[in-house]
Amino acid sequence: MNLKKFSVLCLTVTIFSLIYIQMQVMIYDLAYQAKQREDQALKLSDNNTHATVNIARLKSAQNLGAHFFDKNVDVDFASRGNIIDVQATPAELVKADRAVSPTIVKRASSLLDKVFGFRSIAEARPIR
Amino acid sequence: MYFRKRSLRFILLFIFFILFFGFFTLKLVLIQVFRSSYLNHLAQKQQTHVITLAPKRGTIYDRQFRPLALDIAAYSLYAAPRMMKPADIEKAIDVLPRTIGLDKDLLRERLTRDKGFVWLARKLSLDDMEKVLAFKLRGIHFMKESKRSYPGHEAAAHLVGFAGTDGHGLEGLELKFDKLLAGREGAAQILRDARQQDLLIEQALLKPQDGFDLILTIDDNIQYFVEQALAKGFQRHRAMSASVVVLNPRTGEVLALANRPTYDLNEFGKSHEDQRKNRAVCDMYEPGSVFKVVLTSAALEKGIVQETDKVFCENGAYRIVNHTLHDHHAHGTLTFREVVEQSSNIGVVKIAQKLGGPVFNDYAQRFGFGKRTGIDVPGEINGSLKSYGQWSKISIGSVPIGHEVGVTTIQLACAIAAIANDGILMKPYVVKEIRDKNGETIEKFSPHVVRQVIDPATAQRVKSILAGAIERGTGKLARIKNVAAAGKTGTAQKIVSGRYSHDHFYATFIGFAPVEDPKVAMAIMFDNPRGTYFGGTVCAPIFKEIAENVLKYLQAEEAVQSKKSHAAEESSR
């Protein structure tokens, strides 16, 4: 083997070695970044759990009761007498309401009908 | 000559280089061939290590899925004294006591040890950790652990119990279901860098199995009503102890259970044994007149007596062998109904004598006395009910009126619940369901019928008599507005220094409401209330307060649930 070939061989091996080392370093670098992200995610998860516990504590009957049902506060549970049951759907309620207070039914009419007709009541209506 | 000298030097140099390279070749062969496995192993040990992955402990919920016990992250403070200079130690001793309340002397002792690792404080909060980190103390570090948190503090303390510093249950349901709540540890092989910091590369992994969640029969709102009423009564009457159990009589579900004294589950380390005792299941006492429900039920079932039959109550004094039995108020002739309403001891004993000891004892056993109810909390005791063979000649004058017998509050609650439930005795239970972290049901617990104690027809008659006890009898302070309730009061002398005391009493009340369709049954016990000591004055008002609030709440809940199901039906159409 002459010197030239030997040099080329050494150079090639060196370059590949450097590339390999660079990739290894990159892998470790990504691992560090991932570790950082994991730590951030864990911290957020821990904060979430703490918030959950605080919410549970604030929402608990013991805490709400201590605030709302203290002897100085005029708040009490609704007893049977305070509850009114409405046995109807919203649509039925609207229908019932209309039945109680009927409105004038508007009919489609021509200009002639409006002027010479007797069906509608002549009245001045406010401009809306 | 010159030529020879030159070739000699050359040869010597050549030999030197040969030896030099030969030495290194040998060394290389030694390392790469003979010692490779050992060195490999050493490198593996330095670069990787196995860490345990802690499972998440299961959460304990009430029946509405409100958390009663759950895990949060906690930060345990440790020091590496060997890595700390004297200035670092002094700074830590100056800062830590005033920041997180550590003892100065203890801190100094720990930081001056010749060790690489010492604990300083376990399971601190996030706030405390951030306060310490702000000081950037050298040699002081935090290790993340998990800690049990109880948002309700004292609520259902004796039922839920607590887990210790190592995360294992030590009391209550935390103890009883510790294996299910704890889960199973996992493991991972992690690569470390030159600074021994873990990298996120896992070469092998065993996934941890998180603990299962418990869903209880307890309702946090009902528990609140009970805790409030009990706390007020306990303070007012300055009793030694007290307990309340509220059941759903149809299913045996425990809706609430509270004891006094009590403690904050988040600070269990500051509590003492007396506060941690679950008295509702492990304290036994003579129940007094509440035990008359057994005689009432047995006598009506066996047809020994009718409600309107007349009983002469001896004007308040009745001789049994060599013992005189007294009534609290002297009565002449009462109907059987009135005997129970007015709680006449003499009237009850006379009926018991007609009924007979063996039959009475059989009914007492059928109601569950003298035996554990089987509730799924630790520490329950049997109580005490002598067999008829162990009765003395005067036992017929004691046992039917609630003496010479030991009961627990849970047994009393189950007995009155049986009457409310048309004579069917149900097994009480606290854990409704066990689920995994994905919400899948692992195990579900259903109501369990123990036995039919009395006929439904007899139960109706007993209900009517007990309703009268509240309307006209000793339980007037238990009356609930617009709701018919039924119940029985009890006042029993305590045994002090081997004799019945005239100064120390147990006050009890058992009852249920509404009479026509019972939703709640409850037993209340106060040990040694001061001032007034009657069941009718101490416990009956507490029953009224709890029952009123619970019934209103249950009504509102029913209305909300029916609206939800109605809305769901509408939307599915």
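Computed from a prediction, not measured in an experiment: that's the story for all the values here. (Residues numbered from 1 in each chain as written. Chains lettered and ligands numbered in written order. Predicted model: local features only at pLDDT ≥ 70, side-chain atom pairs only at ≥ 80, totals over all residues.)

S.K.: What is the right way to read the overall build of chain A from this model?
M.R.: A tally of regular secondary structure across chain A gives four helices and zero strands. Out of the 128 residues belonging to chain A, those deemed buried represent 2%. (Helix = DSSP H or I, 4+ residues; strand = E, 2+ residues; numbered from the N terminus. Buried ≥ 20, exposed ≤ 12 C-beta atoms within 10 Å, placed from the backbone.)

S.K.: I keep staring at the overall build of chain B and nothing clicks. Help me out?
M.R.: Helix and strand counts for chain B stand at 19 helices and 23 strands. Relative to the globule expectation of 25 Å for 573 residues, the C-alpha radius of gyration of chain B, 35 Å, shows a markedly less compact shape. Seen through its C-alpha atoms, chain B measures out along the principal axes to roughly 155 × 65 × 45 Å. Counting over 573 residues, chain B shows a buried share of 42%. Within chain B, residue pairs in contact and separated by at least 24 positions form 71% of the contacts whose partners lie at least 6 positions apart. (Rg over C-alpha atoms; globule rule 2.2 N^0.38 Å. Contact = placed C-beta atoms within 7 Å.)

S.K.: What am I meant to see in helix H2 (residues 36–47) of chain B here?
M.R.: An α-helix turns once every 3.6 residues. As a result, residues three or four positions apart point the same way. Across its 12 residues, H2 of chain B extends 16 Å between first and last C-alpha, which sits within 8% of the 16 Å expected from 1.5 Å per residue. Sparse coverage of H2 of chain B is indicated by the burial of zero of its 12 residues. (Expected span 1.5 Å × (residues − 1).)

S.K.: Would you mind showing me how to read the sheet that holds strand S10 (residues 254–260) of chain B here?
M.R.: The strands making up a sheet associate through hydrogen bonds between their backbones, and the pairing can be parallel or antiparallel. All names here are of chain B. Taking strand neighbours across the sheet as the criterion, the five strands line up as S10-S9-S23-S22-S21 in an open arrangement whose pairing is antiparallel. Two strands close off the open sheet at either side, each with one partner strand: S10 and strand S21 (486–496). Adjacent strand axes in the sheet meet at a mean angle of 10 degrees when their direction is disregarded. Pairing between S21 and strand S22 (residues 499–513): 10 bridges, direction antiparallel. Residue pairing across strands places Thr 489 opposite Phe 509, the latter belonging to S22. (Pairing = 2+ DSSP bridges. Axes fitted to C-alpha atoms, helices over the stretch in contact; angles between N-to-C directions.)

S.K.: Explain the interface of chain A and chain B here, please?
M.R.: Listed per partner, the contact involves 21 residues of chain A and 26 residues of chain B. Listing elements by their share of the side of chain A that touches chain B, those giving two or more residues are helix H1 (3–59) and helix H2 (61–68) of chain A. In terms of residue count, H1 of chain A provides more of the side of chain A that touches chain B than any other element does, 12 residues in total. Considered class by class, the residues forming the side of chain A that touches chain B number 10 nonpolar, six polar and five charged. (Nonpolar A, V, L, I, M, F, W, Y, C, P; charged D, E, K, R; others polar.)

S.K.: In this structure, what is going on with the domain arrangement of chain B? I would like to understand it.
M.R.: All names here are of chain B. Looking at chain B, the domain boundaries give domain 1 (52–100 + 116–216) and domain 2 (220–561). Each of domain 1 and domain 2 was reduced to a C-alpha centroid, and the two centroids are 43 Å apart. Mapped by element, the contributors of at least two residues to the side of domain 1 that touches domain 2 are helix H6 (157–160), helix H7 (172–176) and strand S8 (213–216). Class assignment for the residues of the side of domain 1 that touches domain 2 results in 14 nonpolar, six polar and eight charged. (Domains from an automatic or database assignment.)

S.K.: When you look at the environment of Gly 252 of chain B in this model, what are you seeing that I'm missing?
M.R.: Residues and elements named next belong to chain B. Residue placement: Gly 252 occurs in the loop between strand S9 (241–247) and S10. By C-beta crowding, Gly 252 is classed as buried, having 29 other C-beta atoms within 10 Å. Along the backbone, Gly 252 and Ala 521 are 269 residues apart, and their C-alpha atoms lie at a distance of 9.6 Å.

S.K.: It is not clear to me how the environment of Lys 488 of chain B should be interpreted in this structure. Could you clarify?
M.R.: Residues and elements named next belong to chain B. Considering the arrangement of structural elements, one finds Lys 488 in strand S21. Between the C-alpha atoms of Lys 488 and Val 290, which are 198 residues apart in sequence, the distance is 5.4 Å. If sequence neighbours within four positions are ignored, Lys 488 has contacts with Ser 289, Val 290, Lys 292, Val 293, Leu 466, Ala 469, Gly 475 and Ile 510.

S.K.: Can you help me understand the confidence of the model for chain B in this one?
M.R.: Parts of the prediction with low pLDDT should not have their coordinates interpreted in detail. Scored by pLDDT, chain B has a mean of 92; 98% of the residues are at 70 or more. Scored as a whole, the predicted complex attains pTM 0.82, and scored at its interfaces, ipTM 0.73. (pLDDT = per-residue confidence, 0-100.)

S.K.: Which parts of the structure should I look at to understand the pairing of strand S1 (residues 48–53) of chain B?
M.R.: Within a regular beta strand, the side chains point alternately toward one face of the sheet and then the other, so they alternate between its two faces. All names here are of chain B. Burial of S1 is sparse: only zero of the six residues sit out of reach of the surface. Looking at chain direction, S1 and strand S6 (residues 186–192) are connected through six bridges and run antiparallel. Note that in S6 the partner of Val 50 across the bridge is Gln 189.

S.K.: How do you make sense of unusual backbone geometry when you look at a structure like this?
M.R.: Glycine aside, a negative phi is what most residues show, and trans is what most peptide bonds show. All names here are of chain B. Here the amide bond leading from Arg 260 into Pro 261 is cis, since omega sits at 0 degrees, within 30 degrees of zero. By secondary structure assignment, the location of Pro 261 is in the loop between S10 and helix H10 (273–276). Of note, the amide linkage connecting Ala 513 to Pro 514 takes the cis form, showing an omega dihedral of -15 degrees. One non-glycine residue, Phe 65, lies in the positive phi region at around 65 degrees. One can find Phe 65 in the loop between strand S2 (60–61) and strand S3 (67–79).

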